[in-house]
Amino acid sequence: DAMVIQNPRYQVTQFGKPVTLSCSQTLNHNVMYWYQQKSSQAPKLLFHYYDKDFNNEADTPDNFQSRRPNTSFCFLDIRSPGLGDAAMYLCATSRIGGLNSPLHFGNGTRLTVT
Amino acid sequence: TQLLEQSPQFLSIQEGENLTVYCNSSSVFSSLQWYRQEPGEGPVLLVTVVTGGEVKKLKRLTFQFGDARKDSSLHITAAQPGDTGLYLCAVAFMDTGRRALTFGSGTRLQVQP
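In this text the structure is predicted, and so the values were computed from the model without any measurement.

K.L.:
Help me understand the state of the cysteines, please; the structure alone is not making it clear to me.
P.N.:
According to the stated counting rule, one finds two disulfides over all chains in the structure shown. Each disulfide pairs two cysteine sulfurs, and for Cys23(A) the partner residue is Cys91(A), the sulfurs being separated by 2.0 Å. Across the disulfide from Cys23(A) to Cys91(A), rotation about the S-S bond amounts to roughly -70°, and the bridge is consequently left-handed. Residue Cys23(A) is located in strand 3 (residues 19-25), and its partner Cys91(A) is located in strand 9 (residues 87-94); the two are separated by 68 residues in the primary sequence. No difference in accessibility class separates Cys23(A) from Cys91(A), as the two residues are buried. The disulfide partner of Cys23(B) is Cys89(B), and the S-S distance across this bridge is 2.0 Å.

Written out as structure tokens, the structure reads:
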């Protein structure tokens, strides 16, 4: 089945130790998104790619970076994780972008920072 | 900054009861999507509404988009334990240049058998 796959499901990293989360999709969608979701809060958009066009949200910390080497893969790099970065990180795709396009989410990576 | 409010934040009911959850803002939406998120999983799209006053039904779920396009409701008839989850609304605000949706913080629903 076509889907959005996130690895790993659970990631533990130490304070200040760089970590990379990965997302792959078999839907061949143009747009890929990274959201951060903390407990009992709304998913917060960090950035998205429309094809190779990178769009950073104004309030996304510089500590967070992303790479999209090809259509299928997208990575979230956290250069120096702090305790406040512990959260669920959700990857999503949409076919054409635009505000009416449904989002297809992966099952997330839950990041713990010790 | 546009705010999107969902209410109630938490809801615990017995199987077979009816319920309604709400999504509201002071700003006009161009469209609205409802998602359900189960524990440990990503959100899954339930419906997209685009037209003011629109009503859509999905089995026991009824979705309504307000006439003024500032609010929406989700009504569940005869809730079942499988309806348990976090219900999120996501909107596209009309008066911004944002190309991405804004999510509400959700209503966490628990249906007791």
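K.L.:
Whenever I open this one, the packing of aromatic side chains confuses me. Can you help?
P.N.:
Here a ring pair, both rings aromatic, is described through the centre-centre distance and the interplanar angle of the planes. Throughout the structure, instances matching the rule amount to eleven aromatic pairs over all chains. Ring plane angle 55° and centroid distance 5.1 Å describe the contact between Tyr49(A) and Phe54(A), whose orientation is recorded as tilted. Residues Phe73(A) and Phe75(A) carry aromatic rings whose centres are separated by 6.4 Å and whose planes lie at 15° to one another, so their mutual orientation is stacked. Owing to a relative accessible area of 19%, Phe75(A) belongs among the buried residues under this scheme. The rings of Tyr33(A), Tyr35(A), Phe105(A), Tyr35(B) and Phe103(B) are connected pair by pair, giving a single aromatic cluster.

K.L.:
What is the right way to look at the layout of surface pockets in this model?
P.N.:
Unoccupied space between atoms shows up once a probe the size of one water molecule is rolled over them. Roughly 230 Å³ of volume is contained in the second largest pocket. Along the walls of the second largest pocket sit 14 residues, with Gln37(A), Arg110(A), Gln37(B), Leu86(B) and Arg108(B) positioned nearest its centre. A class-by-class count of the residues in the lining of the second largest pocket yields three nonpolar, six polar and five charged.

K.L.:
Is there a simple way to explain the sheet that holds strand 3 of chain A in this structure?
P.N.:
Within a sheet, neighbouring strands are paired by backbone hydrogen bonds and run either parallel or antiparallel to one another. All names here are of chain A. Strand order in this open sheet of four strands is 1-3-8-7, and the pairing throughout is antiparallel. Each edge of the sheet is formed by a strand with only one pairing partner; in this case those strands are strand 1 (4-7) and strand 7 (64-67). For this sheet, the mean inter-axis angle between neighbouring strands, taken without regard to orientation, is 20°. Both strand 7 and strand 8 (residues 73-78) contribute to a ladder of four bridges, which runs antiparallel. The residue of strand 8 that forms the bridge with Phe 64 is Ile 78.

K.L.:
Sorry if this is basic, but what is going on with the environment of Gln37(A) here?
P.N.:
Take Gln37(A): it is sitting in strand 4 (residues 31-37). Since its relative accessible area comes to 8%, Gln37(A) is described here as buried. Through-space distance from the C-alpha of Gln37(A) to that of Asp85(A) is 9.9 Å; in sequence the pair is 48 residues apart. Each residue touching Gln37(A), except ones within four places of it in the same chain, is listed here: Ala42(A), Pro43(A), Ala87(A), Met88(A), Leu90(A), Gln37(B) and Leu86(B). Side-chain polar atoms of Gln37(A) contact the backbone oxygen of Gln41(A), separated by 3.5 Å.

K.L.:
I would appreciate a short explanation of the sheet that holds strand 1 (residues 5-7) of chain B in the present structure.
P.N.:
Residue and element names in this part refer to chain B. On the basis of which strands lie adjacent, the open sheet formed by five strands has the order 1-3-8-7-6 and antiparallel pairing. Edge positions in the sheet fall to strand 1 and strand 6 (55-58), since each of these pairs with one other strand and no more. For this sheet the average axis-to-axis angle between neighbouring strands, irrespective of direction, equals 15°. Pairing of strand 6 with strand 7 (residues 61-65), which is carried by four bridges, proceeds in the antiparallel orientation. Note on strand 7: the bridge partner recorded for Leu 58 is Leu 61.

K.L.:
It is not clear to me how the nonpolar core should be interpreted in this structure. Could you clarify?
P.N.:
Note on soluble globular proteins: their nonpolar side chains tend to be buried together. One finds Leu19(B), Leu32(B), Trp34(B), Phe63(B), Leu74(B), Ile76(B) and Leu109(B) to be the most contacted residues of the largest nonpolar core, which totals 22 residues. Ile76(B) has contacts with Glu17(B), Asn18(B), Leu19(B), Arg60(B), Leu61(B), Asp83(B), Tyr87(B) and Leu109(B), leaving out every residue within four places of it along the chain. Counting residues in hydrophobic clusters, the runner-up holds 18 residues, among them Cys23(A), Met32(A), Phe47(A) and Leu111(A).

K.L.:
Even after reading the chapter, I still don't get the pairing of strand 11 (residues 107-112) of chain B, so can you show me in this structure?
P.N.:
Each regular strand displays side chains that alternate between the two surfaces of the sheet. Residue and element names in this part refer to chain B. By the alternation rule, side chains of strand 11 split into Thr 107, Leu 109 and Val 111, which are all buried, and Arg 108, Gln 110 and Gln 112, of which none is buried. With five bridges joining them, strand 2 (residues 10-14) and strand 11 adopt parallel strand pairing. Bridge pairing in strand 11 links Leu 11 to Leu 109.

Cut-offs applied
- Residues numbered from 1 in each chain as written.
- Chains lettered and ligands numbered in written order.
- Predicted model: local features only at pLDDT ≥ 70, side-chain atom pairs only at ≥ 80, totals over all residues.
- Heavy atoms only, no water.
- Disulfide = S-S within 2.5 Å.
- Helix = DSSP H or I, 4+ residues; strand = E, 2+ residues; numbered from the N terminus.
- Buried < 20%, exposed > 50% of the residue type's maximum accessible area, 1.4 Å probe, protein only.
- Phe/Tyr/Trp six-rings, centres within 6.5 Å; stacked < 30°, edge-to-face > 60°.
- 1 Å grid on protein atoms, 1.4 Å probe; cavity = no way out; pocket = protein on both sides within 12 Å on 5 of 7 lines; lining within 4 Å.
- Points joined across faces, edges and corners; volume = space filled by probe spheres on them.
- Nonpolar A, V, L, I, M, F, W, Y, C, P; charged D, E, K, R; others polar.
- Pairing = 2+ DSSP bridges.
- Axes fitted to C-alpha atoms, helices over the stretch in contact; angles between N-to-C directions.
- Contact = heavy atoms within 4.5 Å.
- Polar contact = N/O pair within 3.5 Å; in protein donor to acceptor, adjacent residues only side chain to side chain.
- Core = buried A, V, L, I, M, F, W, Y, C linked by side-chain atoms within 4.5 Å.

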